[in-house]
Amino acid sequence: MDNIELNKPCGCASEHPENDAQYAGLQVNAGIEQPPIVNPYMTRRKRRPQLTVSEYVEGIRKGNPAVLGQAVTLVESLMPEHQLVAQEVITKCLPFTGNSRRIGITGVPGAGKSTSIDVFGMHVLNQGGKLAVLAIDPSSERSKGSILGDKTRMEKLSIQPNVFIRPSPSAGSLGGVARKTRETIVLCEAAGYDTIFVETVGVGQSETAVHSMVDYFLLIQLAGTGDELQGIKRGIMEMADGICINKCDGDNVDRANLAAAQFRNALHLFPLPPSGFLPEVVTYSGYYELNVDKVFDMIDRYFEHVRANGYFEEKRRMQEKYWMFETINEQLKARFYSDPEVERMLELKEQMVLANAQSSFVAATDVLEFYYKNRI
Ligand code: GDP
């Protein structure tokens, strides 16, 4: 080994002394050339050119689902420049909206919302309708992935041409998410979708948001799970324009009918809703597609009633008013909390309140005073 020249200027012996002619052991084979880190065959994907406002509106009006999808993405975007374009598109689409049935669908997880929406949706399509399925999913705020409105949950609908399915927007507060869904309704209606389903989970505050953007609020319930009113909050029962008891099939039929009777009794105890329509209760089976037409007969009776007594229009006007105030509240809050100076002050004040050095009221007043004086 001693006489091997380890520092030969050329040849692989300098790198691998084992390859020297005098070395008696195993030699090192030349390796293969390493591929480049970046795949040379990969071409940079072209960025989709941003459409102009009139291109968006034209595409939406023609019912082009790709353009509609892009416009909804703009509505959901947090970038201010996207928001500007989105608002212009919405304003231009507004004159073409309103000719639809907006139906909110709620129920606890497992009640059969996605199974039912799949068959309800097919019913709408078979009647010659065009359907959009949207969702408001409070859990998506935490999981950063929306569960409701997911195409994979609606096997039949997801392959139909006259259906637009959009999961819940996931970023932001419930108010922000709800506003985006509401704006998406405008775009869908301008694109010719005449039935809009807005799905939500019947466990939190999101029903109030959905209730404030739909004409009809349908509560999907189950029978035979012990307490027949299943912890569904009184408020949600009161919001419902109709209740349908799912899974009325097999040996569950009697229990479903019993639950329907109990719900009817419970609804009689509530005051008559402002629509003047006493909510009805029907039983059906989403999975076996039984009595789905009964559910739609119930919905149709409601629409006939409120169109005749003027409540349909009145409710939509009240919803417009509600959304005006909601938008103001949300934007004021967003602007306040995103102010860097306010953020800094709030951190400080929070420490002081926690340390009992200042009362919460005084701390809040200080921050608000600063904001009023310097920012408004
Ligand atoms: P969601 O969580 O409210 O969307 O509920 P799903 O639609 O995912 O349904 C929950 C479970 O109930 C699934 O296993 C469905 O197959 C089942 N299911 C839904 N509808 C019916 C029905 O009408 N009858 C029966 N027996 N099972 C159903």
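Small disclaimer: the values here were computed from a predicted structure and weren't measured. Going along each chain's sequence as written, the residues are numbered from 1 onward. Under the rules for a predicted model, residues below a pLDDT of 70 receive no local features and side-chain atom pairs below 80 are neither given nor counted, while totals for whole chains, interfaces and linings still include all residues. With hydrogens and water set aside, each side-chain value is computed from the structure's full complement of heavy atoms.

A. Representation of the packing of helix α12 (residues 340–354) against helix α13 (residues 360–375) in the model. Angles run from 0 to 180 degrees between N-to-C directions of axes, and those axes are lines fitted to C-alpha atoms, restricted for helices to the stretch in contact. Helix and strand labels come from DSSP, where a helix needs a run of H or I of at least four residues and a strand needs a run of E of at least two; each type is numbered from the N terminus. One way to put it is that α12 packs onto α13 with a least axis distance of 9 Å and a crossing angle of 165 degrees. As judged from the angle between their axes, α12 and α13 are roughly antiparallel. For the pair α12 and α13, the sense of crossing is right-handed. Listed contacts from α13 to Glu341, Val342, Met345, Leu346, Lys349 and Val353 of α12 are Ser360, Ala363, Asp366, Val367, Phe370, Tyr371 and Arg375. Its residues assigned to classes, the contact of α12 with α13 comprises eight nonpolar, one polar and four charged. Any angle that falls under 35 degrees is termed roughly parallel, while one over 145 is termed roughly antiparallel, one within 65 to 115 roughly perpendicular, and all others oblique. Two helices that cross are described as forming a left-handed crossing if the nearer one is turned anticlockwise from the farther one by less than a right angle, and a right-handed crossing if clockwise. The contact criterion used is simple: two residues touch if any of their non-hydrogen atoms lie within 4.5 Å. Each residue is assigned to one of three groups, with Ala, Val, Leu, Ile, Met, Phe, Trp, Tyr, Cys and Pro labelled nonpolar, Asp, Glu, Lys and Arg labelled charged, and all others, Gly among them, labelled polar.

B. Region of interest: the sheet that holds strand β7 (residues 280–283). Here a strand pair is declared whenever DSSP counts at least two bridges between the two strands. Strand order across the open sheet formed by seven strands is β3-β2-β4-β1-β5-β6-β7, with parallel pairing between neighbours. Two strands in the sheet have a free side with no partner beyond their single neighbour: β3 (163–165) and β7. The average angle at which neighbouring strand axes cross in this sheet is 20 degrees, direction not considered. The sheet contact formed by strand β5 (residues 216–221) and strand β6 (residues 242–245) spans four bridges and is parallel. Residue pairing across strands places isoleucine 220 opposite cysteine 244, the latter belonging to β6.

C. The arrangement of the side chain of aspartate 249 in detail. On the secondary structure map, aspartate 249 appears in the loop between β6 and α9 (253–269). The charged side chain of aspartate 249 is buried without a salt bridge, its nearest counter-charge being lysine 247 at 8.1 Å. We define a polar contact as two N or O atoms separated by no more than 3.5 Å, with the added condition that, inside protein, one atom must be a possible hydrogen donor and the other a possible acceptor, whereas residues neighbouring each other in sequence contribute only through side-chain atom pairs. Within the structure, aspartate 249 has its side chain in polar contact with the side chain of serine 285 (distance 2.6 Å). Setting aside residues no more than four positions away along its own chain, aspartate 249 makes contact with Ser285, Tyr288 and Leu290. Burial here depends on accessible area, computed with a 1.4 Å probe over protein chains only, as a share of the maximum for the residue type. Under 20% is buried, over 50% is exposed, and the range in between is partly exposed. We score Asp and Glu as negative and Lys and Arg as positive, and we do not count His or the chain ends. We define a salt bridge as a contact between a side-chain nitrogen of Lys or Arg and a carboxyl oxygen of Asp or Glu at a distance within 4 Å.

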